[in-house]
Amino acid sequence: MSTLELVQATLAARDLSAAAVARSELGLAPGFPDPELASFAMANEVLTLGDTYLEIVAPAGETSALHRFLAGGEGGYLLAIRVPDTAALVERAAAGNVRVVHQQDFQGATITQLHPGDLGVMLEADEIPSGREWHYDDWSVPARPPGASAGDLLAADVAVRDPGETARRWAHLLDVPVTHSPGAGNGVPSVRIGSRIIRFIQFAATSGTGTGRRGLVALDLRALTPGAPREITVAGLTIRLVPAGEGAS
């Protein structure tokens, strides 16, 4: 049975030129498409970080649901996790008033997407067949090149109006405890998803404390080259390259 783990983050851009920016900034190889997205009028490129992935999606037609998201600007769109038991997760979602917006079977995996209005960002929870780690295990995909400056996902920041309540909702959904990452006061409400962390930070619609953007606003990736932490922005999403020993705490 597959274990709980954060495996992929997705950002939405107006076109796939954002993927070229990400590849250049992070030293990654050209990615690969997921042909399943064509049926949703989306184009995409998936970049290999190691055991995890960074996906860039863009509209591929007038009917694409991405147009509504992009009306608010480019940025973080979705987090995808591996779960051991979809049926149990859906039961907990119903009990916690978290809406399921899409469910399908894909190459033996059960894909369940949950409403961003309930969780701060769209969450995809995928039950992967036994013996596999992720959808791409048996695909022909490019590896991370030896000279890459970025490695695997470590953490994600999701900006919401009530970080504590949102963390509790995720914790109930995934059957994990709420933790607190380092930060002001008692720390930043967080949940650990396998070896990785999702932190819930304060969204502020006006100037003052907190971020002025809602949803998935930042990712921590493992830095593979020496030097101080580095921060870049790709299509509205902040990506921090974090040295070993930092990030997922």
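The preceding data block contains the structure.
A brief report on the enclosed structure follows. (Residues numbered from 1 in each chain as written. Predicted model: local features only at pLDDT ≥ 70, side-chain atom pairs only at ≥ 80, totals over all residues. Heavy atoms only, no water.)

**Let's talk about the sheet that holds strand β9 (residues 178–181)**
At step 1: Taken in spatial order, the seven strands make up an open sheet running β9-β10-β11-β8-β12-β14-β13, and their pairing is mixed. Here the strands that pair on one side only, and so sit at the sheet edges, are β9 and β13 (230–234). Strand-to-strand, the axes of this sheet are offset by a mean angle of 30°, without reference to chain direction.
At step 2: Both β13 and strand β14 (residues 237–242) contribute to a ladder of five bridges, which runs antiparallel. Residue Glu231 lies in a different strand from β14, and its bridge partner there is Arg240.
At step 3: Strand contacts of helix α5 (residues 163–174): β8 (150–160), β9, β10 (188–193) and β11 (196–202), with the helix running at about 15° to β10, the strand carrying the most contacts. (Pairing = 2+ DSSP bridges. Helix = DSSP H or I, 4+ residues; strand = E, 2+ residues; numbered from the N terminus. Axes fitted to C-alpha atoms, helices over the stretch in contact; angles between N-to-C directions. Contact = heavy atoms within 4.5 Å.)

**Description of helix α1 (residues 17–26)**
At step 1: Those residues of α1 lying buried are Ala18, Ala19, Ala22 and Leu26. The buried side chains of α1 occupy one side of the element, clustering within an arc of 105° when seen end-on.
At step 2: Among the structural elements, β2 (42–48), β3 (53–59), β8, β12 (215–223), β13 and β14 are those in contact with the buried residues of α1.
At step 3: With its phi angle positive at about 70°, Gly27 sits one or two positions after the end of α1. (Buried < 20%, exposed > 50% of the residue type's maximum accessible area, 1.4 Å probe, protein only. Arc of directions from axis to C-beta.)

**What to know about the nonpolar core**
At step 1: Ranked by internal contacts, the top residues of the largest apolar core, which has 51 residues, are Leu79 and Trp170.
At step 2: Once you skip the residues sitting within four places of it in the chain, Leu79 turns out to touch Leu6, Gln8, Ala9, Val121, Met122, Leu123, Glu124, Ala156, Val158, Trp170, Ile198 and Leu216. (Core = buried A, V, L, I, M, F, W, Y, C linked by side-chain atoms within 4.5 Å.)

**Considering α5**
At step 1: Its twelve residues give α5 an end-to-end C-alpha distance of 16 Å, which sits within 8% of 16 Å, the value for a rise of 1.5 Å per residue.
At step 2: Residues Pro163, Gly164, Thr166, Ala167, Trp170, Ala171, Leu173 and Leu174 constitute the buried set of α5.
At step 3: Looking one or two residues beyond α5, the residue adopting positive phi is Asp175, at roughly 60°. (Expected span 1.5 Å × (residues − 1).)

**Topic: unusual backbone geometry**
At step 1: Phi angles above zero are rare outside glycine, and Gln107 is one such case at about 50°.
At step 2: Within the fold, Gln107 resides in the loop between β5 (100–106) and β6 (109–114).
At step 3: Looking at Gln107, the relative accessible area reads 45%, which means it is partly exposed.
At step 4: Its identity as a non-glycine residue notwithstanding, Ala235 has a phi of 50°, on the positive side.
At step 5: Tracing the chain through its elements places Ala235 in the loop between β13 and β14.

**Things to note about the packing of aromatic side chains**
At step 1: Taken as a whole and judged by the stated rule, the model has eight aromatic pairs.
At step 2: Here Phe32 and Trp139 contribute two aromatic rings whose centre-to-centre distance is 6.1 Å and whose plane-to-plane angle is 70°, an arrangement assigned as edge-to-face. Linking Phe32 in the loop between α1 and β2 with Trp139 in the loop between β7 (122–127) and β8, this pair joins segments that are 107 residues apart in sequence.
At step 3: Members of the aromatic cluster, connected to one another through ring pairs, are Phe32, Tyr53, Phe106, Tyr136 and Trp139. (Phe/Tyr/Trp six-rings, centres within 6.5 Å; stacked < 30°, edge-to-face > 60°.)

**Some remarks on the sheet that holds β5**
At step 1: Read from one edge to the other, the open sheet built from seven strands follows the order β2-β3-β1-β4-β7-β6-β5, with strand pairing classed as mixed. Among the strands making up the open sheet, the edge pair consists of β2 and β5. When the angles between neighbouring strand axes are averaged without regard to direction, this sheet yields 20°.
At step 2: Two strands pair when backbone bridges link them, and strand β1 (residues 5–12) and β3 are joined in this way by five bridges, in the parallel orientation. Within β3, the residue paired with Leu11 across the bridge is Ile56.

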